[in-house]
Amino acid sequence: DDQTLGFGFICQPLNGGNAKIEQQINALLNENYPPDTQMQVASFRSPDIDLEMAHMKSLRENFTHSLYEEFINKRSDYLKKHTRAPMVLQDKSGQYNLGNVHDLKVFITVKIPISSRHPSQKEYKEARVIQARVKTTLDNVKLYPNPLTAENWVRLMNSIFNWGQHPSWRNN
């Protein structure tokens, strides 16, 4: 055990920036954290689009026409297929490789040193305050942070490291 307490967020990537965003990010990075606190910011083109496909299907829950269901299921299958193989289109003008379908994920994690193997009540409360400040800044920047739970952390790590033919995260 490295005697740290951590938290993280999965965020939506920004499609641009400005001076206000830069100022808020700089404030986040220069916050008065406990000594030896570590923050990691990573961006990953994930082939895991299952959550988006489930959301797409849930938007049509009350529409039970068989044609709609077939269309949505085929669309979902098509997009999932192209997380593994590039989408290539061909017409009279030539062949166009549009790349693979992916979900661009940004995740931010923070590790805060603690004095022993288990955090004291004071260390836990301080970590929660830091977590709230980080989340507020990410909200203000419009990164729409979602807390990393143990379950979605494991799924994220599996989608980063397990690109085999039949990874377990594709079946969850």
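Just above, that's the structure.
Residues numbered from 1 in each chain as written. Predicted model: local features only at pLDDT ≥ 70, side-chain atom pairs only at ≥ 80, totals over all residues. Heavy atoms only, no water.

Engineer: Please set out the overall build of the protein chain residue by residue, giving values where relevant.
Structural biologist: Across its full length, the protein chain holds five helices and six strands. The order of helices and strands in the protein chain, counted from the N terminus, is β-α-β-α-α-β-β-β-α-β-α. Taking 2.2 N^0.38 as the reference for a compact globule, 172 residues should give roughly 16 Å; the C-alpha atoms of the protein chain span a radius of gyration of 20 Å, well beyond that estimate. Summarising its shape, the C-alpha atoms of the protein chain cover approximately 65 × 35 × 35 Å along the three principal directions. Counting over 172 residues, the protein chain shows a buried share of 30%. Put simply, of all contacts in the protein chain between residues at least 6 apart along the chain, 75% involve residues at least 24 apart. Of the roughly 12100 Å² that the protein chain leaves accessible, carbon and sulfur atoms contribute 52%. Of the charged side chains in the protein chain, 21 are positive and 18 negative, and the gap between their average positions amounts to 3 Å. (Helix = DSSP H or I, 4+ residues; strand = E, 2+ residues; numbered from the N terminus. Rg over C-alpha atoms; globule rule 2.2 N^0.38 Å. Buried < 20%, exposed > 50% of the residue type's maximum accessible area, 1.4 Å probe, protein only. Contact = heavy atoms within 4.5 Å. Areas by Shrake-Rupley, 256 points an atom, 1.4 Å probe, with all protein chains shown as cover. Lys, Arg positive; Asp, Glu negative; His and termini not counted. Charge placed at Lys NZ, Arg CZ, Asp CG, Glu CD.)

Engineer: Go over the nonpolar core with me, naming the residues and quoting the values.
Structural biologist: One finds Phe7, Phe9, Cys11, Ile112, Ile130, Val134 and Leu138 to be the most contacted residues of the largest nonpolar core, which totals 18 residues. When residues of this core are traced back to their parent elements, those giving at least two are β1 (4–11), α1 (19–29), β5 (103–113) and α4 (121–140). (Core = buried A, V, L, I, M, F, W, Y, C linked by side-chain atoms within 4.5 Å.)

Engineer: Hey, could you go over the pairing of β1 for me, with residue numbers and the actual values?
Structural biologist: When you tally the buried positions in β1, you get six out of eight residues, the bulk of the element. In this sheet, β5 lies alongside β1 in antiparallel orientation, the contact comprising eight bridges. Of the residues in β5, the one forming a bridge with Thr4 is Pro113. (Pairing = 2+ DSSP bridges.)

Engineer: If you had to explain the pattern of salt bridges to someone new, which residues and values would you point to?
Structural biologist: With the rule as written, the count across this model stands at nine salt bridges. A salt bridge links Glu70 to Lys74, with the shortest nitrogen-to-oxygen separation between them at 3.1 Å. In this pair, Glu70 and Lys74 are both assigned in helix α3 (residues 66–81), four residues apart and thus about one turn of the helix distant. With a relative accessible area of 42%, Glu70 lands in the partly exposed category. One network of salt bridges, with partners in common, ties together Asp48, Asp50, Lys80 and Arg155. (Salt bridge = Lys/Arg side-chain N within 4 Å of Asp/Glu carboxyl O.)

Engineer: Would you mind going over the sheet that holds strand β2 (residues 38–46) in detail, with residue names and values included?
Structural biologist: Sheet architecture is open: four strands sit in the order β2-β5-β1-β6, paired in antiparallel fashion. With partners counted over all chains shown, the strands left at the sheet margins are β2 and β6 (146–147), one partner each. Helix α5 (residues 150–161) rests against β1, β2, β5 and β6 of the sheet, and its axis sits at about 120° to β5. (Axes fitted to C-alpha atoms, helices over the stretch in contact; angles between N-to-C directions.)

Engineer: I'd like to hear about the side chain of Thr109, residue by residue, with values.
Structural biologist: Note on placement: Thr109 falls in strand β5. We classify Thr109 as buried; its relative accessible area is 15%. Ignoring sequence-local partners within four residues, the contact set of Thr109 consists of Phe7, Gly8, Gln38, Met39, Gln40, Leu148 and Trp153.

Engineer: Break down a nonpolar patch on the surface for me, with residues and values.
Structural biologist: Where nonpolar side chains cluster on the molecular surface, the patch consists of Tyr78, Leu89, Tyr96 and Leu98 and spans about 380 Å² of accessible area. Examined against the element boundaries, Tyr96 turns out to sit in strand β4 (residues 94–97). Under the relative-accessibility criterion, Tyr96 is labelled partly exposed at 38%. (Patch = residues over 30% accessible without salt bridge, like charges linked within 9 Å, V, L, I, M, F, W, Y side chains within 5 Å.)

Engineer: An account of the environment of Gly94 is requested, with residue identities and associated values reported.
Structural biologist: Here Gly94 lies in strand β4. For the pair Gly94 and Ala150, spaced 56 residues apart in the sequence, the C-alpha separation amounts to 46 Å.

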